[in-house]
Amino acid sequence: MTIPDADELLDRAGFDAETNVLTRRQAEVLALRERDIPQAEIAEALGTSRANVSSVESSARENIAKAKETVAFAEALTAPVRLTVESGTDLYDVPNKVYSACDDAEVKVNRTAPELMKLIGDAAGDAIVGREVRRDVTVTVTHDGRVTVRT
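Residues numbered from 1 in each chain as written. Predicted model: local features only at pLDDT ≥ 70, side-chain atom pairs only at ≥ 80, totals over all residues. Heavy atoms only, no water.

A. Focus on the overall build of the protein. Looking only at helices and strands, the protein features six helices and five strands. Its helices and strands taken in sequence order, the protein reads α-α-α-α-β-α-α-β-β-β-β from the N to the C terminus. Taken over the C-alpha trace, the protein has a radius of gyration of 20 Å; the compact-globule value for 151 residues is 15 Å, which it surpasses by more than 25%. Burial statistics for the protein: of 151 residues in total, 35% are counted as buried. Across the protein, the fraction of contacts at a sequence separation of at least 24, relative to all contacts at a separation of at least 6, is 59%. Side chains of the protein carry 19 positive and 27 negative charges; the gap between the two charge centres is 3 Å. (Helix = DSSP H or I, 4+ residues; strand = E, 2+ residues; numbered from the N terminus. Rg over C-alpha atoms; globule rule 2.2 N^0.38 Å. Buried < 20%, exposed > 50% of the residue type's maximum accessible area, 1.4 Å probe, protein only. Contact = heavy atoms within 4.5 Å. Lys, Arg positive; Asp, Glu negative; His and termini not counted. Charge placed at Lys NZ, Arg CZ, Asp CG, Glu CD.)

B. Region of the structure containing the sheet that holds strand 5 (residues 147–150). Taken together, three strands build an open sheet; the order of strands is 1-4-5 and the sheet is antiparallel. Across the chains shown, the open sheet's two edge strands, defined by having one partner strand only, are strand 1 (81–85) and strand 5. Neighbour-to-neighbour, the strand axes of the sheet open up by a mean angle of 20°, direction not taken into account. Where strand 1 and strand 4 (residues 137–141) come together, five bridges link them in antiparallel fashion. Across the sheet, the residue bridging to T84 is T138, located in strand 4. (Pairing = 2+ DSSP bridges. Axes fitted to C-alpha atoms, helices over the stretch in contact; angles between N-to-C directions.)

C. Quick look at the nonpolar core. Formed by 21 residues in total, the largest nonpolar core has its most connected members in V85, V98, C102, I120, V137, V139 and V141. The element best represented in this core is helix 6 (residues 113–124), accounting for four residues. Apart from the residues within four sequence positions on either side, V85 is in contact with V94, V133, R135, D136, V137 and V139. The next biggest cluster of nonpolar side chains, apart from the first, holds 16 residues, and it includes A6, A27, L32 and A60. (Core = buried A, V, L, I, M, F, W, Y, C linked by side-chain atoms within 4.5 Å.)

D. Looking closely at the pattern of salt bridges. Counted by the stated rule, this structure contains 14 salt bridges. One salt bridge in this structure joins E28 and R25, with 3.1 Å as the shortest N-O distance. In this pair, E28 and R25 are both assigned in helix 2 (residues 24–33), three residues apart and thus about one turn of the helix distant. With a closest N to O distance of 3.1 Å, R135 and D126 form a salt bridge. (Salt bridge = Lys/Arg side-chain N within 4 Å of Asp/Glu carboxyl O.)

E. Quick peek at the packing of helix 3 (residues 39–46) against helix 4 (residues 50–78). Running from N to C, helix 3 and helix 4 point in directions that differ by 105°, and their axes come no closer than 8 Å. With respect to their mutual orientation, helix 3 and helix 4 come out roughly perpendicular. Two secondary-structure elements touch here, helix 3 through Q39, A40, I42 and A43 and helix 4 through R50, V53, S54 and E57. (Parallel < 35°, antiparallel > 145°, perpendicular 65-115°, else oblique.)

F. Inspection of the environment of T112 at higher detail. The topology assignment puts T112 in the loop between helix 5 (94–105) and helix 6. Residues T112 and Y99, spaced 13 residues apart in sequence, show a C-alpha to C-alpha distance of 9.8 Å.

G. Just the packing of aromatic side chains, in detail. Enumeration over the complete set of coordinates arrives at zero aromatic pairs. Directly above the aromatic system of Y92 lies the positively charged group of R131, at a separation of 3.8 Å from the ring centroid. (Phe/Tyr/Trp six-rings, centres within 6.5 Å; stacked < 30°, edge-to-face > 60°. Lys NZ or Arg CZ within 6 Å of the ring centre and 35° of its normal.)

Function cannot be read off these values alone, since they describe shape.
What follows is the structure in structure tokens.
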């Protein structure tokens, strides 16, 4: 298999090391891994070990998760709707709670009840098991109706 040129991939994606939370090496590894290039082949192409590629990839994914959480936190600070869905709540009751909070804040949420349940269930991970909320989950809705979920 021919490995794509990492620099070209980063250029096409608009990677800028000055403004990105990822190092250039992390971005290179992710760009190649997202094209299903095995870690061993990436290691050979970059002149390093497979263990190092694995470590770089893991660090990159952690940095991305932290960046996403930072954005969610910043949005939550200014969101007009902030709702805590408490442990023990039935997931089927959550959409009405969100709609009610949005009505109070005069914010329109552009999601149906099933879409909200899926979004919240997926984003909450193991905080929701089946229909039961097992740990408090925070749902925020921005002025433009974007829903964010934090556990």
